[in-house]
Amino acid sequence: MLSAPSSPVVAAVQAICVAILFMLFGWLVADVLLSRRAHRRVGWGLSFTGLTFYALVLMVLHMISGGRVFSNAWLTRALTASIFVLLLARKLEQWRRGQWSPAFGAGDACALALVATGWIVWGTPLFRMMPLPAGGDISLHASWASQLLNGETTPSGAITGAIPNYYPWLYHAVLALVARFTPGGRALHGLAPLHLMLLGASVLAL
């Protein structure tokens, strides 16, 4: 896809773009699950939930296929892009039929302003660190997500023996998914947009 970012500023811009696209994707998934039973800003608040639901589906397919989903960059991108287009077409058809309105009110502007404020307050330190250093828990979880990207069916356990992995796989599945669309393509590159999505989703949910 695109090469790794050349500077923290470029990495920050790329992370913001990827985060916005995935939050939009998550909102479209959440909108299908809600079936218009709630206010649209409720769907915004559930955008990250919609994204994780999709990542869970991909993770199940990844395990069933013997690790062939996340390890194949173009397959992951093609599946996600196809579903994104289908969901967006569904939303546009609802607009055409008058079943949904994209009208933008003061409440919507306030919600987006709060997300932007959250990104400035809690995202600025992240931008100054980019690219993120590989150490501590960052290295641990990026490595587990990288195992999915490299074809392992599940992340390995932290210790050997007949002991199940104690850490939820869903985090690493989401990170592997985001990494496939982040310039650079590695798990470490996907951490920045994932951080922004968690911030934005937390603000919208509150």
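Preceding this paragraph is the structure being described.
Just so it is clear, the structure is predicted and the values come from calculations on it, not from any experiment.

Participant: Tell me about the overall build of the protein chain, residues and numbers included.
Facilitator: Along its length, the protein chain carries eight helices and zero strands. Along the protein chain, from the amino end to the carboxyl end, the secondary structure elements read α-α-α-α-α-α-α-α. Relative to its 206 residues, the protein chain shows a buried fraction of 41%. Contacts in the protein chain between residues at least 24 apart in sequence constitute 71% of all its contacts with a sequence separation of at least 6. When the accessible area of the protein chain is evaluated, it comes to approximately 10,900 Å², of which 69% is carbon and sulfur surface.

Participant: Which residues make up the packing of helix α3 (residues 47-64) against helix α7 (residues 169-179), and what are the values?
Facilitator: Orientation of α3 relative to α7, taken along the N-to-C sense of each, is 95 degrees, at an axis distance of 9 Å. The orientation of α3 with respect to α7, classified from their angle, is roughly perpendicular. Touching F48, L51, T52, Y54, A55, L56, L58, M59 and M63 of α3 are W169, L170, A173, V174 and L177, all from α7. The class makeup of the residues in the contact of α3 with α7 is 13 nonpolar, one polar and no charged.

Participant: Tell me about the packing of aromatic side chains, and please be specific about residues and values.
Facilitator: Under the definition given, this model contains three aromatic pairs. A centroid spacing of 4.9 Å and a plane angle of 70 degrees characterise the contact between F25 and Y54, whose relative ring orientation is edge-to-face. One end of the pair, F25, is in helix α1 (residues 8-34); the other, Y54, is in helix α3, with 29 residues separating them in the sequence. In this pair, the class of F25 matches that of Y54, namely buried. Residues F25 and F84 carry aromatic rings whose centres are separated by 6.1 Å and whose planes lie at 20 degrees to one another, so their mutual orientation is stacked.

Participant: A description of the layout of surface pockets should follow, citing residues and the corresponding values.
Facilitator: One number sums up the size of the largest pocket: a volume of about 500 Å³. Along the walls of the largest pocket sit 20 residues, with M23, L24, W27, W44 and L112 positioned nearest its centre. Mapped onto the lining of the largest pocket, the elements with two or more residues apiece are α1, α2 (40-45), α4 (73-96) and α5 (106-129). Examining the composition of the lining of the largest pocket, we find that five residues originate from one element, α5, more than from any other.

Participant: Can you lay out α1 for me, pointing to particular residues and giving the numbers?
Facilitator: For α1, with 27 residues, the first-to-last C-alpha span of 38 Å sits near the 39 Å given by 1.5 Å per residue. The first or second residue beyond α1 is S35, which carries a positive phi of 55 degrees.

Participant: If you had to explain the nonpolar core to someone new, which residues and values would you point to?
Facilitator: Buried together is how nonpolar side chains tend to be arranged in soluble globular proteins. With 48 residues, the main nonpolar core has F22, L51, F70, L177 and M197 as its most contacted residues. Not counting the four nearest positions on each side in its chain, M197 is found in contact with A19, F22, M23, F48, L51 and V178.

Participant: Before we move on, could you go through the side chain of H172 and cite the residues and values that matter?
Facilitator: If you trace the backbone, H172 turns up in helix α7. Looking at H172, its side chain comes within polar contact range of the side chain of H141, at 3.1 Å.

Participant: Give me the pattern of salt bridges: which residues, what numbers.
Facilitator: Counted under the stated rule, the structure contains four salt bridges. Of the charged contacts, one joins D31 and K91 as a salt bridge, the two residues approaching to 2.9 Å between their closest N and O atoms. Linking D31 in helix α1 with K91 in helix α4, this pair joins segments that are 60 residues apart in sequence. Neither residue differs from the other here; D31 and K91 are each classed as buried. Here R97 ties to E93 by a salt bridge, and the two come within 2.9 Å at their closest N and O atoms. When its relative accessible area of 57% is taken as the criterion, R97 is described as exposed. Overlapping salt bridges, with partners in common, bring together D31, R90 and K91 in one network.

Analysis parameters
Residues numbered from 1 in each chain as written. Predicted model: local features only at pLDDT ≥ 70, side-chain atom pairs only at ≥ 80, totals over all residues. Heavy atoms only, no water. Helix = DSSP H or I, 4+ residues; strand = E, 2+ residues; numbered from the N terminus. Buried < 20%, exposed > 50% of the residue type's maximum accessible area, 1.4 Å probe, protein only. Contact = heavy atoms within 4.5 Å. Areas by Shrake-Rupley, 256 points an atom, 1.4 Å probe, with all protein chains shown as cover. Axes fitted to C-alpha atoms, helices over the stretch in contact; angles between N-to-C directions. Parallel < 35°, antiparallel > 145°, perpendicular 65-115°, else oblique. Nonpolar A, V, L, I, M, F, W, Y, C, P; charged D, E, K, R; others polar. Phe/Tyr/Trp six-rings, centres within 6.5 Å; stacked < 30°, edge-to-face > 60°. 1 Å grid on protein atoms, 1.4 Å probe; cavity = no way out; pocket = protein on both sides within 12 Å on 5 of 7 lines; lining within 4 Å. Points joined across faces, edges and corners; volume = space filled by probe spheres on them. Expected span 1.5 Å × (residues − 1). Core = buried A, V, L, I, M, F, W, Y, C linked by side-chain atoms within 4.5 Å. Polar contact = N/O pair within 3.5 Å; in protein donor to acceptor, adjacent residues only side chain to side chain. Salt bridge = Lys/Arg side-chain N within 4 Å of Asp/Glu carboxyl O.

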